[in-house]
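Here are the chains, one letter per residue:
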Amino acid sequence: ISPYAKSFPKTFQYDYIYDVTDYMGLMHDSTEFRIQYQGYSYGFTATWDMIMVEGTPARDVIKVENIYNGGYNYGQATSIEAALVPKTFVVPANASAVKARVIITGHGGENSENCAEFCAKYMYVKLNTNQVAQQLVWKDDCGDNAIIAQPGTWVYDRANWCPGEKIRNYDYNLNVTAGSTNTIDLDMEEFTASGAASYNIALQLIYYKNNNREIDGAIEEILAPTRNFWHNRTNPICDNAKFVLKNWGATPLTTAEISYQIGGAPVTKVGWHGNLAYEKEEVVTIPYMQWPNTLGDSTFKVWLSKINGF
């Protein structure tokens, strides 16, 4: 969602990066992409770049199925439950895993609780009438936004969004079997609004084949030290290097040997122990780093030299 940037110079710009590997099956032959702007403040211009990385994904996607997609009134005479009715889906015979992906943001400022933009409400995901997930739809760190000094209310926490930031997904693995017929349903906490309130909701089902690798780990992102714009509130930094370690293999990730280097200084190795299941991640901290006495090149590099003993 774009920032409150009407006082920023027209030269102000920033990048969003999304991993769209799960949607590669849709990107064959001719594909149309659309960037939509629904104006509250001034608009913006945007460019789109597709970066292709050669390699084999962690697991192949069979298909993506849309379940809900739209804006839904909340707490009003026309109930959100009347629109978010249970939907039936059939698991492909060659699927080994199914993920439900929910993207949700709250909007509107009715009079009782300032919903749905500024109120925290629970969302529930049900599989075959059984509740399998409960999530408070809320983002409590808008004041740490990398795009600082925006006009207006940018520091106030909101219903799963902050002005100028990407919207996070809520992903849930569903316990279903290949070839089975099931129902999925999304419910919201009961509420009666005094005015206009709504949620923008998309729910997709992603069907996967088996994992392509048993053991596979990755450093997803360096949080510090980095010049990445989105981490400017916690950088620059000299100690407490932080990065995101993620497991992309079918086998739980339990040990890792982490190597890091600053400029041309000697490589230093540290160990990590934990238990990360597939697609789980953890922020790893290197509390003390050995900086060279002279800093001709201060580039920080970090990589995994071993995982699970390999």
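The structure reproduced in this document is the subject of the present report.

What counts and what doesn't
Residues numbered from 1 in each chain as written. Predicted model: local features only at pLDDT ≥ 70, side-chain atom pairs only at ≥ 80, totals over all residues. Heavy atoms only, no water. Helix = DSSP H or I, 4+ residues; strand = E, 2+ residues; numbered from the N terminus. Contact = heavy atoms within 4.5 Å. Areas by Shrake-Rupley, 256 points an atom, 1.4 Å probe, with all protein chains shown as cover. Phe/Tyr/Trp six-rings, centres within 6.5 Å; stacked < 30°, edge-to-face > 60°. Buried < 20%, exposed > 50% of the residue type's maximum accessible area, 1.4 Å probe, protein only. Lys NZ or Arg CZ within 6 Å of the ring centre and 35° of its normal. 1 Å grid on protein atoms, 1.4 Å probe; cavity = no way out; pocket = protein on both sides within 12 Å on 5 of 7 lines; lining within 4 Å. Points joined across faces, edges and corners; volume = space filled by probe spheres on them. Nonpolar A, V, L, I, M, F, W, Y, C, P; charged D, E, K, R; others polar. Patch = residues over 30% accessible without salt bridge, like charges linked within 9 Å, V, L, I, M, F, W, Y side chains within 5 Å. Salt bridge = Lys/Arg side-chain N within 4 Å of Asp/Glu carboxyl O. Disulfide = S-S within 2.5 Å.

On to the overall build of the chain. Each helix and strand in the chain was counted, giving 1 helix and 14 strands. In terms of principal-axis extent, the alpha carbons of the chain reach across some 70 × 55 × 40 Å. In the chain, the proportion of contacts linking residues at least 24 apart, taken out of those at least 6 apart, comes to 74%. Roughly 18100 Å² of accessible area belongs to the chain as shown, and the carbon and sulfur atoms make up 49% of that amount.

This next bit is on unusual backbone geometry. The omega torsion across C115 and A116 is 0°, close enough to zero to call that bond cis. In this structure, A116 sits in the loop between β3 (97-107) and β4 (121-127). At the junction of A224 and P225, the peptide bond is cis and its omega measures out at -5° in the coordinates. Counting through the fold element by element, P225 comes out in the loop between β9 (217-224) and β10 (241-247).

Bringing the packing of aromatic side chains into the picture now. Overall, the coordinates contain 13 aromatic pairs when judged by the stated rule. Ring centres of Y74 and Y199 lie 5.0 Å apart, and the angle between their planes is 75°; this geometry places the pair in the edge-to-face category. In this pair, Y74 sits in the loop between β1 (59-73) and α1 (80-83) while Y199 sits in strand β8 (residues 198-211), placing the two residues 125 residues apart along the sequence. One exposure class covers both Y74 and Y199, and it is buried. Through a chain of ring-to-ring contacts, the aromatic side chains of F8, F12, Y14, Y16, Y18, F229 and W230 assemble into a single cluster. The positively charged end of R59 is found above the aromatic ring belonging to Y208, 3.8 Å away from the centroid.

Below, the discussion takes up the environment of P252. Among the secondary structure elements, P252 is positioned in the loop between β10 and β11 (253-262). Residue P252 is classed as partly exposed on the basis of its relative accessible area, which comes to 38%. Measuring from C-alpha to C-alpha, the distance between P252 and A277 comes to 4.6 Å, with 25 residues separating the pair along the chain.

Its boundaries defined by the atoms lining it, the second largest pocket holds a volume of some 340 Å³. Together, P225, T226, R227, N235, P236, I237, C238, W291, S298, T299 and F300 line the second largest pocket. A class-by-class count of the residues in the lining of the second largest pocket yields 6 nonpolar, 4 polar and 1 charged.

Right, let's get into a nonpolar patch on the surface. On the surface, F33, I35, Y37, F44, W48, M50 and M52 cluster together into a nonpolar patch covering about 710 Å² of accessible area. When you line up the elements, F44 lands in the segment before β1.

Now for the environment of G164. Within the fold, G164 resides in the loop between β5 (130-137) and β6 (170-174). On the basis of relative accessibility, which here comes to 0%, the residue G164 falls in the buried class. For the pair G164 and S2, spaced 162 residues apart in sequence, the C-alpha separation works out to 4.3 Å. For G164, the residues in contact, after removing those within four places along its chain, are I1, S2, P3, Y14, Y16, I147 and W230.

Once that is clear, we can look at the pattern of salt bridges. Pairing between side chains of opposite charge can happen when their charged atoms approach one another. Counted under the stated rule, the structure contains 13 salt bridges. Of the charged contacts, one joins R158 and E117 as a salt bridge, the two residues approaching to 2.7 Å between their closest N and O atoms. Of the two residues, R158 sits in the loop between β5 and β6 while E117 sits in the loop between β3 and β4, which places them 41 residues apart along the sequence. The residue D141 makes a salt bridge to K139 at a minimum N-O spacing of 2.7 Å. A relative accessible area of 30% places D141 in the partly exposed class. K139 sits in the buried class, given a relative accessible area of 12%. Connected via shared salt-bridge partners are D22, R59, K99, R101, D171 and E279.

Another aspect to go through is the state of the cysteines. Applying the stated criterion across every chain, the model contains 2 disulfides. Across the disulfide, C142 is cross-linked to C162 (sulfur-sulfur distance 2.1 Å). Between C142 and C162, the S-S torsion sits near -85°, and that sign places the bridge as left-handed. Of the two residues, C142 is situated in the loop between β5 and β6 and C162 in the loop between β5 and β6; the sequence distance between them amounts to 20 residues. In this pair, the class of C142 matches that of C162, namely buried. If one numbers only the bonded cysteines of the chain, in the order they occur, the disulfide pattern is 1-2, 3-4.

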